[in-house]
Amino acid sequence: MNKDFVFPTRESARIHVSVSGLELLADLPAIIFVHGFKGFKDWGFGPYLAQYFADSGLPVIRFNFSHNGIGDTPDEFTELEKFAGNTFSLEVNELGQIIDAYLSGFFAEKVFGKFFLLGHSRGGGIALLSSNHSTHILGTATWAAISTVDRWSERQKKEWQRLGYIEMLNTRTQQKMRLNSQLLEDVELHKDNSLNILKAAAGLKTPVLLVHGELDMVVPIAEAWSIYGVLDGSISRLEAIPRTGHTFDIVHPFEKCSFSFNIALQKTLDFFTEQI
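Parameters at a glance
Residues numbered from 1 in each chain as written. Predicted model: local features only at pLDDT ≥ 70, side-chain atom pairs only at ≥ 80, totals over all residues. Heavy atoms only, no water. Pairing = 2+ DSSP bridges. Helix = DSSP H or I, 4+ residues; strand = E, 2+ residues; numbered from the N terminus. Axes fitted to C-alpha atoms, helices over the stretch in contact; angles between N-to-C directions. Contact = heavy atoms within 4.5 Å. Salt bridge = Lys/Arg side-chain N within 4 Å of Asp/Glu carboxyl O. Phe/Tyr/Trp six-rings, centres within 6.5 Å; stacked < 30°, edge-to-face > 60°. Buried < 20%, exposed > 50% of the residue type's maximum accessible area, 1.4 Å probe, protein only.

**Comments concerning the sheet that holds strand 1 (residues 2–8)**
Then step 1. One open sheet holds the eight strands; their spatial order is 1-2-4-3-5-6-9-10, and the pairing between them is mixed. Unpaired on one side and paired on the other, strand 1 and strand 10 (237–241) mark the two borders of the sheet. Across this sheet, the average inter-strand angle for adjacent strands is 20 degrees, counted without regard to direction.
Then step 2. Of the strand pairs in this sheet, strand 3 (residues 30–34) and strand 5 (residues 115–120) are connected by five bridges, and their pairing is parallel. Within the sheet, the bridge partner assigned to Val-34 lies in strand 5 and is Gly-119.
Then step 3. Sheet contacts for helix 4 (residues 122–129): strand 3, strand 5, strand 6 (137–143) and strand 9 (208–213); angle to strand 5, the most-contacted strand, approximately 145 degrees.
Then step 4. Contacting strand 3, strand 5, strand 6, strand 9 and strand 10, helix 9 (residues 259–275) crosses the sheet at an angle of about 165 degrees to strand 6.

**Considerations on the pattern of salt bridges**
Then step 1. Tallied over the full model, the rule gives 16 salt bridges.
Then step 2. Measuring nitrogen to oxygen at the nearest pair gives 2.9 Å for the salt bridge that ties Arg-62 to Asp-42. Here Arg-62 is found in strand 4 (residues 60–63), whereas its partner Asp-42 is found in the loop between strand 3 and helix 1 (46–55), with 20 residues between them in sequence.
Then step 3. Shared partners join several salt bridges into a network, and the residues in it are Asp-150, Glu-154, Lys-157, Glu-188 and Lys-191.

**Section: the packing of aromatic side chains**
Then step 1. If you walk through the whole model with that rule in mind, you get 24 aromatic pairs.
Then step 2. Note on Trp-43 and Phe-45: the rings are 5.1 Å apart at their centroids and 80 degrees apart in plane angle, and the pair reads as edge-to-face. For the pair shown, Trp-43 and Phe-45 are each scored as buried.
Then step 3. Centre to centre, the rings of Trp-225 and Tyr-228 are 6.0 Å apart; their planes meet at 85 degrees, and the pair counts as edge-to-face. You can see Trp-225 and its partner Tyr-228 sitting in helix 8 (residues 221–228), three residues apart, about one turn around the helix.

**Focus: the environment of Ile-227**
Then step 1. Take Ile-227: it is sitting in helix 8.
Then step 2. Ile-227 sits in the buried class, given a relative accessible area of 0%.
Then step 3. Ile-227 sits 160 residues away from His-67 along the chain, and the two C-alpha atoms are 27 Å apart.
Then step 4. Among all residues touching Ile-227, those that are not within four sequence positions of it are Leu-128, Ala-145, Ile-146, Ser-147, Leu-198, Ala-201 and Leu-210.

Below, the structure written as structure tokens:
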């Protein structure tokens, strides 16, 4: 059974959540899926992955960060002002609240109480930063995860500071999307401590699976190797998928499951099953 929720955050924001396999929450660990930059819970492979894991016996909780730009319309960026005001720290905070909501019974009165994190791209970095949030986590899987939040050149940062924002084109929607200076300030202030992905990964005692396309031009596979280099190799692994890029040949709107994405799904399901 699938069900949608609206979760109110401590900061009075509204987070849209979809749970697939609701009836499984009491008996099996949940997967909490974390979308990436310019992503959302219903982007491309989102609904497909949720059904895939639910059909395999693992319930999936997908959600939109409150400032990802998506409002009440599931797949349209209608809240560009919120998008402009987003930060990495806010996303870490909100993922923590979703974890707590699951554990406290917000989505179902009775839950298994153990869970996995699964994040794509920036969401993979957020998942790694949050993997010590709870002792109830069984493991973390990432797809094309970033290894650092500091992703802009010094020239870009200077122009960002001068204007108070940086602007980028969403090539899919043709929308110009701004990021305000508080994102840059958040990065500069916390990149060496609370937002240091490699430092967070190095401290993990739970297993991690890194899945990455060898031809990823958005987040090069070198970032996956950087993360893997600080992990405990006896319980974690990196799976490189040849001849595919950042989204494993999946587009939005979703058309069909690709060969590469099917590999990512199977590797991830195998990893989760091992931990159970």
